[in-house]
Amino acid sequence: MKRLVATSLTVDLGRRRALATVDLTLEPGRLTVIVGPNGAGKTTLLRALAGLVAPVGGDVTLDGEPVRWMRTSERARSIAYLPQGGTIAWPLPVRNVVALGRLPHGERPDSLSDSGRKAVAEAMAAADVTGFEDRPATELSGGERARVLLARALATKAPVLLVDEPVAALDPRHELTVLQVLKAHAAAGANVVAIMHNLTLAARFADDIVVLDRGRIGAHGTPEDVFTEAQLAASFGISAHVSREAGGLVVVAENPLAEAP
Ligand SMILES: Nc1ncnc2c1ncn2[C@@H]1O[C@H](COP(=O)(O)OP(=O)(O)OP(=O)(O)O)[C@@H](O)[C@H]1O
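Residues numbered from 1 in each chain as written. Predicted model: local features only at pLDDT ≥ 70, side-chain atom pairs only at ≥ 80, totals over all residues. Heavy atoms only, no water.

Q: So what exactly am I meant to see when it comes to the side chain of Arg 147 here?
A: When you line up the elements, Arg 147 lands in helix 5 (residues 142-155). Looking at Arg 147, the relative accessible area reads 7%, which means it is buried. Ignoring sequence-local partners within four residues, the contact set of Arg 147 consists of Ala 127, Asp 128, Val 129, Phe 132, Leu 170, His 174 and Val 178. (Helix = DSSP H or I, 4+ residues; strand = E, 2+ residues; numbered from the N terminus. Buried < 20%, exposed > 50% of the residue type's maximum accessible area, 1.4 Å probe, protein only. Contact = heavy atoms within 4.5 Å.)

Given below as structure tokens:
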């Protein structure tokens, strides 16, 4: 159970300030969804939380330990990171690509431990890639590849899972199954953070929502707290209909407002 905390986190990319004094506590056992307009700094925040980008100010800690001081192997065992639109360069069989998720544990695809083999099998089942586990990973569709890379991240069994737009390329059925997997992973104790653009799915699946707005936290709370029509207008420049149905909060984006936020 790992708590991830950003304190006054400030990141510059080139001459641009991508994140400005971000304070954020991400609790284990919850699926937190980060939303925000294009260019708001979501990917930068996720990369900084993973210790992959050096802040110019502030820090990120995992249970009190600064992530940038952690040894690379320890960090990779603790924090699994799935980048946006990941690619696979080598024509390895899908099962071997998923098994690469065990590298932080010192296990190679041809030398998996019993627990490693179990983790790989569970990850392949969760991401629904068992039907094509022997195919070369370079010969997959975009959505299939996205599920293989998610399975690789799941196979690490890291207590923190950071995923950048995990459902962007997926069909509706796999969108739902992947979000159910992320939710179950969080319910089992992991600290799961996902970037998403689909506000309807975010409202339905997230335990917590973070709205990032021009490099700052615009709002942080439950979907009910954050997804108000006023907040959606202010952060996204859209009119939206928000209603509470039997299945939970329903957010329907309706129209762009005349003025961008
Ligand atoms: N290498 C870079 N050098 C300079 N600026 C960059 C670089 N990469 C990204 N940026 C800028 O930093 C800001 C934050 O980018 P980031 O990718 O974090 O946004 P995002 O919220 O993830 O966007 P999107 O929804 O489009 O994926 C943007 O204004 C972007 O143009």
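Moving on from the model shown.
Q: What exactly am I supposed to notice about the sheet that holds strand 4 (residues 57-62) here?
A: By way of backbone hydrogen bonds, the strands of a sheet pair with one another, either parallel or antiparallel. Spatial strand order, 2-1-4-5: four strands in an open sheet with antiparallel pairing. Edge positions in the open sheet fall to strand 2 (16-26) and strand 5 (65-66), since each of these has one partner strand only. Of the strand pairs in this sheet, strand 1 (residues 4-13) and strand 4 are connected by five bridges, and their pairing is antiparallel. Pairing of Thr 10 across the sheet is with Gly 57, part of strand 4. (Pairing = 2+ DSSP bridges.)

Q: Would you mind showing me how to read unusual backbone geometry here?
A: For residues other than glycine, phi is negative in most cases, and the peptide bonds are mostly trans. In this structure, Lys 157 takes a positive phi of about 55° despite not being glycine. On the secondary structure map, Lys 157 appears in the loop between helix 5 and strand 7 (160-164). Residue Arg 214 is not a glycine yet carries a positive backbone phi of 50°. Within the element layout of this structure, Arg 214 appears in the loop between strand 9 (208-213) and strand 10 (216-221). Under the relative-accessibility criterion, Arg 214 is labelled exposed at 56%.

Q: Explanation requested: the UniProt feature "domain: ABC transporter" (unreviewed entry) in the chain in the structure shown.
A: Taking the UniProt record as the reference, the feature "domain: ABC transporter" (unreviewed entry) is found at residues 4-239. In residues 4-239, helix accounts for 35% and strand for 26%; the two terminal C-alpha atoms are 33 Å from one another. (UniProt positions renumbered as here; feature names shortened; annotations may be inferred.)

Q: So what exactly am I meant to see when it comes to the site of the ligand here?
A: Taken together, the neighbourhood of the ligand is formed by Leu 13, Arg 16, Pro 37, Asn 38, Gly 39, Ala 40, Gly 41, Lys 42, Thr 43, Thr 44, Gln 84 and His 197. Lys 42 places a side-chain nitrogen or oxygen 2.7 Å from an oxygen atom of the ligand. Here an oxygen atom of the ligand sits 2.6 Å away from a polar atom, N or O, in the side chain of Thr 44. At three residues, helix 1 (residues 42-49) tops the list of elements feeding residues into the shell around the ligand. Considered class by class, the residues forming the shell around the ligand number three nonpolar, seven polar and two charged. (Near = heavy atom within 4 Å. Polar contact = N/O pair within 3.5 Å; in protein donor to acceptor, adjacent residues only side chain to side chain. Nonpolar A, V, L, I, M, F, W, Y, C, P; charged D, E, K, R; others polar.)

Q: How do you make sense of the side chain of Ser 243 when you look at a structure like this?
A: By secondary structure assignment, the location of Ser 243 is in strand 11 (residues 238-245). A distance of 2.9 Å separates a polar atom in the side chain of Ser 243 from a polar atom in the side chain of Glu 245. Contact partners of Ser 243, with chain neighbours within four places excluded, come to Gly 248, Leu 249 and Val 250.

Q: Sorry, what's going on with helix 9 (residues 229-236) here?
A: An α-helical turn contains 3.6 residues, so a residue and the one three or four places further along point in the same direction. Taken as a whole, helix 9 has its buried residues at Leu 232, Ser 235 and Phe 236. Projected down its long axis, helix 9 carries its buried residues within an arc of 80°, all on one side. For helix 9, the elements touching its buried residues are strand 3 (31-35), helix 7 (199-205), strand 9, strand 11 and strand 12 (248-256). Positive backbone phi, at 70°, marks Gly 237, one or two positions downstream of helix 9. (Arc of directions from axis to C-beta.)

Q: Whenever I open this one, the sheet that holds strand 3 confuses me. Can you help?
A: Strand order in the open sheet formed by six strands is 6-7-8-3-9-10, with mixed pairing between adjacent strands. A strand with exactly one partner marks an edge of an open sheet, and here the two such strands are strand 6 (79-82) and strand 10. The average angle at which neighbouring strand axes cross in this sheet is 15°, direction not considered. Across four bridges, the pairing between strand 6 and strand 7 is parallel. Paired with Ala 80 across the bridge in strand 7 is Leu 161. (Axes fitted to C-alpha atoms, helices over the stretch in contact; angles between N-to-C directions.)

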